[in-house]
Amino acid sequence: MKGNFYDILLNTLKQNPTFVSSNGVLLKNKIKEYALKMDEELINILFENEIIREKFFQKIGDNYIFDKIEFSWMINNKEFLPNNYTKYGNKIHLATNDDEYLMYKNDVVLTFPYKDCLLEFDSTDENEKRDEIFYNESLANDQIDVLLDSKVFTNINYHTKDGLKKYNRFDINDNLLIKGNNLLVLASLLPVYEGKIKCIYCDVLYNTNSDYVPYNDSFKHSSWLVMMKNRLEIAKKLLKPDGLIFISIDDNEQAYLSVLMDEVFGRENSFDKVSIQTSASQGGFGDVNPGLISNTENLLIYIKDKNYKKTCFNEENMYVGKEYDENYKYIMTDLEKLEYTNITYLAYEKLGIKKPYNNSTWRKVKEKYGDNYKEILYQEKASIALDNKELVFRTFNPNKPGNELKVALKESLKKKDKIYIYKDSKDNERYILNGEVVLFYSKVFKNINGEYVPARRLTTFWSDIAWEGIAREGNVKLNRGKKPEKLIKRIIEIATNKNDIVLDAYLGSGTTCAVAHKLGRRYIGIEQLENHFSKALNRMESVINGETGGISSEINWTGGGAFLSMEMMVNNQKYIDKITHEKSKKDIVRLFNEIIKNAYINNLLSLDSILESVEEFKKLGLNDQKKFLINILDKNMLYVNFSDIEDNDYKVSCEDKKFNYSFYGDSNE
């Protein structure tokens, strides 16, 4: 009956040439436009048909009200003017998602069409470029059975400096690299790591159309939001109460992700959005897109429990080195007599410029040292300040001084240009000059990366980390697809202490785990793509063998340590892997028969209907054939569930059983 109604609506609309192109194609967008503006011509056409009138018009008294929203949804439905794939799917009762609210609505509406569902997400072949990833499917709650149950891990290897070692007993102190769908891996970590992770860093899919990113990160906005929501909800459970999550994102989805994270973590648990400069402005005047050049990314920071905001950061690492600040322009020449002078005068002397110092002094310096005289003078002052940091000082107005200090500041004004010593009620001694407090240069020095340097407090704009030349960092190449080790080092150091656990659910080439290992943190890295997981493994083996790239030299890294690598044991996932890599329709048809015979098929579908439609299946395009085969698989059975570990059909080895029982702490160990 549903199909008949679509036919009636289609034929009715095609009777009017306004809504049909010159080659006979129905103009869906034009029809929606006319409906939203309540076009009289369109409304009359629809009203004249009794069946259509009953569907879209509500009678109130003697009047009829046209439901333009319901009509627009109907026009937008995939079953209206369906493609070959939709027709084929409908024939065997394959469910389709027809709510594309965000896709055609002109208003900017932050809504989550599948907010209470789970999005099963697969990155697919990283070399395949298309507008929308091949496999992203929404599963309603009533479709979920054991999807998020604990899974069996296999292919377990212990990596050390001396090579691989046998390992069949899990230890909570182990470092882990795990291959598998990150949603399902995160869910499998919950029984062991819930409430134990101190820092989560995720360089998530940015949902752009950039071809240079070596994985497909573009798919429907609503699906992207659901994908993120599912993972964030589990991530929150994994965090300690004072745990922090850092999400890297560009401007494409930043605003929406911020609102989503407000919902999942609570707006009161938001810290800040850090803007990170990724490159200097470059390019000519005619070779860029209209508007401002984007050279920043964003880092969203949230804590699990706002009550720990004051203590969650590692304060000693909240500073970054800076150049000499010329506000520190005075230097004590005699501490006992409290005599001082301008540091610039000492610089003049070192440069061979004699007194008196007046307006012509700059001219003398320029004549002697040329056009870069300002830089030479600056470097000379910086050198003096560094060598005499206990004597060099500046003055500043304190914020909200107490009554005692207010009196002292006012008193110092009576002794113009003389340093005034003030002692508070606790006998603490402070220097005051001309109504301002004296701050010595040594007070701003911090130990950063083993070097005692002038520093400033971190702000919400980070421009001091170089992004150029990192493509081969860690001895793995991933152009434009990874972050600098120095950036991850900063995040880990401000959020954690030694032996805290760091988790990265989008591991990529392994940067987060590499840095965490070098810094003495425990870590868990999750990656689904085979190529990326292989790169991460190679990188981590280089780390324990003492590789010298990235942050290695500044922290004197020489190697050592160990880590575990393992994979979720595949079930239906092995067929998805096969589907996404097949390149010919002949092989896909062969795979069709293998799946029907051996795989777990969605129990909502009729196997007889699928078998009867094999000839029509052969007529579909290759991509539609792949999409169909993926959709008929039971997503609850992608990987082997831990509850089925003793099922002989899965052939779990004794060594793997022992490890899994020790991992989950099961009594059958």
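About the cut-offs
- Residues numbered from 1 in each chain as written.
- Predicted model: local features only at pLDDT ≥ 70, side-chain atom pairs only at ≥ 80, totals over all residues.
- Heavy atoms only, no water.
- Helix = DSSP H or I, 4+ residues; strand = E, 2+ residues; numbered from the N terminus.
- Buried < 20%, exposed > 50% of the residue type's maximum accessible area, 1.4 Å probe, protein only.
- Axes fitted to C-alpha atoms, helices over the stretch in contact; angles between N-to-C directions.
- Parallel < 35°, antiparallel > 145°, perpendicular 65-115°, else oblique.
- Contact = heavy atoms within 4.5 Å.
- Nonpolar A, V, L, I, M, F, W, Y, C, P; charged D, E, K, R; others polar.
- Pairing = 2+ DSSP bridges.
- pLDDT = per-residue confidence, 0-100.
- Expected span 1.5 Å × (residues − 1).
- Arc of directions from axis to C-beta.
- Patch = residues over 30% accessible without salt bridge, like charges linked within 9 Å, V, L, I, M, F, W, Y side chains within 5 Å.
- Areas by Shrake-Rupley, 256 points an atom, 1.4 Å probe, with all protein chains shown as cover.
- Salt bridge = Lys/Arg side-chain N within 4 Å of Asp/Glu carboxyl O.
- Phe/Tyr/Trp six-rings, centres within 6.5 Å; stacked < 30°, edge-to-face > 60°.
- Lys NZ or Arg CZ within 6 Å of the ring centre and 35° of its normal.

An account of the overall build of the protein is needed here, citing residue identities and associated values.
Assigned secondary structure in the protein consists of 23 helices and 24 strands. Put simply, the protein has 669 residues, and 51% of those count as buried.

Describe the packing of helix H12 (residues 361–369) against helix H13 (residues 373–387), naming the residues involved and giving the relevant values.
Relative to each other, H12 and H13 sit at 105°, their axes nearing to 9 Å. Classified by the angle between their axes, H12 and H13 sit roughly perpendicular to one another. Where H12 approaches H13, its residues Trp362, Val365, Lys366 and Tyr369 are matched on the opposing element by Tyr373, Lys374, Ile376 and Leu377. In terms of residue class, the contact of H12 with H13 is built from six nonpolar, no polar and two charged.

Just give me the short version of the pairing of strand S20 (residues 451–457), but keep the residues and values in it.
Here strand S12 (residues 319–321) runs beside S20; their pairing, made up of three bridges, is antiparallel. Bridge pairing in S20 places glycine 321 opposite alanine 455. As defined by bridge partners, strand S19 (residues 445–448) adjoins S20 across four bridges and the pair is classed as antiparallel. By the bridge assignment, isoleucine 448 is partnered in S20 with glutamate 451.

I'd like a description of the confidence of the model for the protein, backed by residues and values.
When pLDDT is averaged along the protein, the result is 84, and 84% of the positions lie at 70 or above. Long-range and interchain partners of residues 124–134, a stretch whose pLDDT sits below 50, account for 32 contacts in this model, where long-range means more than four residues apart. Long-range and interchain partners of residues 209–218, a stretch whose pLDDT sits below 50, account for 30 contacts in this model, where long-range means more than four residues apart.

Tell me what's going on with helix H19 (residues 585–598), and back it up with residues and numbers.
If you check H19, its first and last C-alpha atoms are 20 Å apart, about what 14 residues at 1.5 Å a residue would give, namely 20 Å. Taken together, the buried positions of H19 are occupied by Ile588, Val589, Leu591, Phe592, Ile595 and Ile596. On an axial view of H19, the arc spanned by its buried residues comes to 160°, and they lie on one face. Turned more than 90 degrees away from the buried face of H19 sit Lys586 and Lys597, all of them exposed. The secondary structure elements touched by the buried residues of H19 are helix H18 (573–581), helix H20 (607–612), helix H21 (614–619) and helix H22 (622–632).

Before we move on, can you summarise the sheet that holds strand S9 (residues 239–249) with the specific residues and values?
The strand order S6-S5-S24-S7-S23-S22-S8-S9-S11-S10-S21 describes an open sheet built from eleven strands, whose pairing is mixed. Edge strands, defined here as strands with exactly one partner in the open sheet, are strand S6 (163–165) and strand S21 (461–462). Here three bridges tie strand S5 (residues 153–160) to S6, and the two strands are oriented antiparallel to one another. Looking at S6, one finds that tyrosine 158 is bridged to lysine 165. Strands S5, strand S7 (176–179) and strand S24 (563–568) of the sheet are contacted by helix H23 (residues 654–664), whose axis makes an angle of about 85° with S5.

Run through a nonpolar patch on the surface, naming residues and quoting values.
A surface patch of nonpolar side chains, amounting to about 230 Å² of accessible area, comprises Leu36, Ile69 and Trp73. For tryptophan 73, the position within the fold is in helix H5 (residues 68–76). Overall, tryptophan 73 belongs to the partly exposed group, its relative accessible area being 36%.

Quick one: what's the story with the packing of aromatic side chains, residue by residue and with numbers?
Across all of its chains, the model carries 34 aromatic pairs by this definition. On the numbers, 5.5 Å between centres and 45° between planes, the contact of phenylalanine 445 with tyrosine 452 is tilted. Overall, the relative accessible area of 4% leaves phenylalanine 445 in the buried class. In this structure, lysine 37 is placed above the aromatic ring of tyrosine 34, and the distance from its NZ or CZ to the ring centre is 4.5 Å. Taking the ring centre of tyrosine 319 as reference, the NZ or CZ of lysine 446 above it sits at 4.5 Å.

Could you give an account of the sheet that holds S12, naming the residues involved and the relevant values?
Spatially, S12-S20-S19 is the arrangement adopted by the three strands of the open sheet, whose pairing is antiparallel. Two strands lie at the open edges of the sheet, namely S12 and S19, each paired on one side alone. Averaged over all pairs of adjacent strands, the angle between strand axes in this sheet comes to 65°, irrespective of strand direction.

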